Amino acid sequence: MAEIRTGARRSLASTEAAFELRLQLGSPVFAIVLAISALMLVASLTIQRIEVGPLRGAARTSVEAVLYLHLVWSLFHLFTSAAFATESASRDRRTGFAPLVVATPAPAGELNLGRLGGSLAATLLAYLSVPAAVAVAPLLPWAGGLAAPAPAALVYGTCVFALPNLCLAAAIFFALARTTGAALAPYLGAVALLVLYGLGSGGPATSRPDLAAALLDPFGFAAYRLATL
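What counts, and at which threshold
Here, residues in each chain are numbered from 1, in the same order as that chain's written sequence. At least 70 in pLDDT is required for a residue's local features to be given in this predicted model, at least 80 for side-chain atom pairs to be given and counted, and no such filter applies to totals for whole chains, interfaces and linings, which use all residues. Side-chain numbers here rest on the full set of heavy atoms in the structure, without hydrogens or water. Secondary structure is summarised from DSSP: a helix means a run of H or I of at least four residues, a strand means a run of E of at least two, and numbering begins at the N terminus for each. Here the term buried applies to any residue with accessible area under 20% of the maximum for its type, exposed to any over 50%, and partly exposed to those in between, with areas from a 1.4 Å probe on protein chains only. Where accessible areas are quoted, they stem from the Shrake-Rupley method and a 1.4 Å probe; at the residue level, only the protein chains shown are allowed to cover. Residue contacts are counted whenever heavy atoms from the two residues lie within 4.5 Å of one another. One less than the number of residues in a helix, times 1.5 Å, gives the span that helix is expected to have. When two rings of Phe, Tyr or Trp (its six-membered ring) have centres within 6.5 Å they constitute a pair, described as stacked for plane angles under 30 degrees, edge-to-face for angles over 60, and tilted for the intermediate range. For this analysis, a salt bridge means a side-chain nitrogen from Lys or Arg found within 4 Å of a carboxyl oxygen belonging to Asp or Glu. Values of pLDDT, which run from 0 to 100, indicate the predictor's confidence residue by residue. For every element, the axis is a line fit to its C-alpha atoms; helices are fit only across the contacting stretch, and the angle between N-to-C directions ranges from 0 to 180 degrees. Crossings are classed by handedness, with left-handed meaning an anticlockwise turn of the near helix from the far one by less than a right angle and right-handed meaning a clockwise turn. Residue type decides the class: Asp, Glu, Lys and Arg count as charged, Ala, Val, Leu, Ile, Met, Phe, Trp, Tyr, Cys and Pro as nonpolar, and the leftover types, Gly among them, as polar. What makes a nonpolar core is a set of buried Ala, Val, Leu, Ile, Met, Phe, Trp, Tyr and Cys residues whose side-chain atoms join them at distances within 4.5 Å.

Enquirer: Even after reading the chapter, I still don't get the overall build of the protein chain, so can you show me in this structure?
Expert: A tally of regular secondary structure across the protein chain gives 11 helices and 0 strands. Shown N-terminal to C-terminal, the secondary structure of the protein chain runs as helices and strands in the order α-α-α-α-α-α-α-α-α-α-α. For the protein chain, the proportion of its 229 residues judged to be buried stands at 40%. On the protein chain, roughly 11,400 Å² of surface is accessible, and the fraction owed to carbon and sulfur atoms is 73%.

Enquirer: In this structure, what is going on with the environment of Trp-73? I would like to understand it.
Expert: Looking at the secondary structure, you find Trp-73 in helix H3 (residues 63–76). The sequence separation of Trp-73 and Val-130 amounts to 57 residues, and the corresponding C-alpha distance is 7.4 Å. Those residues in contact with Trp-73 that lie beyond four places of it in its chain are Ser-37, Met-40, Leu-41, Tyr-127 and Val-130.

Enquirer: I would appreciate a short explanation of helix H2 (residues 28–46) in the present structure.
Expert: Each full turn of the α-helix corresponds to 3.6 residues, which orients residues three or four apart in the same direction. Spanning 19 residues, H2 covers 27 Å between terminal C-alpha atoms, matching the ideal 27 Å at 1.5 Å per step. Buried within H2 are the following residues: Phe-30, Val-33, Ser-37, Leu-41, Val-42, Ser-44, Leu-45 and Thr-46.

Enquirer: Looking at this structure, how should I read the environment of Met-40?
Expert: When you line up the elements, Met-40 lands in helix H2. Given a relative accessible area of 42%, Met-40 falls into the partly exposed group. As a C-alpha pair, Met-40 and Val-130 span 90 residues in sequence and 9.6 Å in three-dimensional space. Setting aside residues up to four positions removed in sequence, Met-40 forms contacts with Trp-73 and Phe-76.

Enquirer: I tried to follow the packing of aromatic side chains on my own but got confused; where do I start?
Expert: Each aromatic ring pair is summarised here by two numbers: the centre-to-centre distance and the angle between the ring planes. Going through the model one piece at a time under the given rule, you end up with 5 aromatic pairs. Relative to Tyr-224, the ring of Phe-161 lies with its centre 5.9 Å away and its plane at 80°, an arrangement referred to as edge-to-face. One end of the pair, Phe-161, is in helix H8 (residues 151–180); the other, Tyr-224, is in helix H11 (residues 221–228), with 63 residues separating them in the sequence. Accessibility assignment for this pair places Phe-161 and Tyr-224 in one class, buried.

Enquirer: Would you explain the pattern of salt bridges in this entry?
Expert: Should the charged atoms of two oppositely charged side chains come close, the side chains can pair. This structure, assessed with the given rule, holds 1 salt bridge. We note a salt bridge from Arg-115 to Glu-16, for which the minimum N-O separation is 3.1 Å. Placement of the pair is Arg-115 in helix H6 (residues 108–127) and Glu-16 in helix H1 (residues 2–25), with a sequence separation of 99 residues. Given a relative accessible area of 11%, Glu-16 falls into the buried group.

Enquirer: Can you help me understand the environment of Ala-121 in this one?
Expert: Inspection of the secondary structure puts Ala-121 in helix H6. Relative accessible area serves as the criterion here: at 24%, Ala-121 is assigned to the partly exposed category. With 104 residues separating them in the primary sequence, Ala-121 and Ala-17 have C-alpha atoms 8.5 Å apart.

Enquirer: Is there a simple way to explain the confidence of the model for the protein chain in this structure?
Expert: One rule of thumb: low pLDDT means the predicted coordinates there are not for detailed reading. Model confidence for the protein chain is summarised by a mean pLDDT of 78, while 79% of its residues fall at 70 or above. Taking the mean pLDDT of every element in the protein chain, the minimum, 55, falls on helix H5 (residues 98–103) and the maximum, 91, on helix H7 (residues 129–136). For residues 1–9, every residue scores under 50 in pLDDT, and the model assigns this stretch 2 contacts once sequence neighbours within four places are set aside.

Enquirer: Just to check I follow, could you spell out the packing of H2 against H3 for this structure?
Expert: For any two helices packed against each other, the geometry comes down to the angle between their axes and how far apart the axes lie. Two numbers describe how H2 lies on H3: the axes approach to 12 Å, and their chain directions differ by 145°. Handedness of the H2/H3 crossing: right-handed. On the side of H2, the interface is formed by Ile-36, Ser-37, Met-40, Leu-41 and Leu-45, while H3 contributes Leu-69, Trp-73 and Phe-76. The residue inventory of the contact of H2 with H3, partitioned by class, reads 7 nonpolar, 1 polar and no charged.

Enquirer: How should the nonpolar core be read in this particular structure?
Expert: Soluble globular proteins tend to bury their nonpolar side chains together. With 18 residues, the main nonpolar core has Leu-78, Phe-173, Phe-219, Phe-221 and Tyr-224 as its most contacted residues. Elements supplying a minimum of two residues to this core: H3, helix H4 (78–95), H8, helix H9 (185–200) and H11. If you tally residues by element for this core, the top one is H8, at 5 residues. The residues touching Phe-219, leaving out its near neighbours within four places in the chain, are Leu-71, Leu-75, Leu-78, Asn-165, Leu-193, Leu-194 and Tyr-197. Core analysis: the second largest hydrophobic core is formed by 17 residues, Trp-73, Val-134, Ala-143 and Ala-153 among them.

Here it is in structure tokens:
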């Protein structure tokens, strides 16, 4: 019986996650974020006047630059994660269905887990515009001989650098939205994380930080520079 109940809870969480993901993918916010992210990144790679972190010119798609880009754009998608978490956590109150949802026998923890999973999946799908744009940019006619990025750098940057940042942000923002009931709370949380990033960034992007700065930085910029400079 315990196994049956566990299977039912898992089914409820996965069903809720799939439903949440469909809602998020159908929202105009997802389409807008996807378009803005891809267009801004392509412009930063193909327009010479726009610098990409500490690197520029032909080095814009080097392994070092690609990894740095993933860190930078994981910061951009903090607010994507905050928007999706806020929408997911506040939908019941906004639509007036909160009393009905509370009255159902469905475990609140499973519902929350499913909604968190769906909003996180939507954030990750929106973030895939980053490696896709980096891969496509050198193929554009005005790219000016931009070298194709290494596929391993795209995979490593997405899975090792961006994915942990986005998972951490989604969990924090969803928890803030559910516990406070305030739509502004996740965005304040995003600002707080950016402040922590500023405190732990360890100085200019071209300087080598110390170990303390690398440990304080919640997004890994200082740790990345400590390992590569």
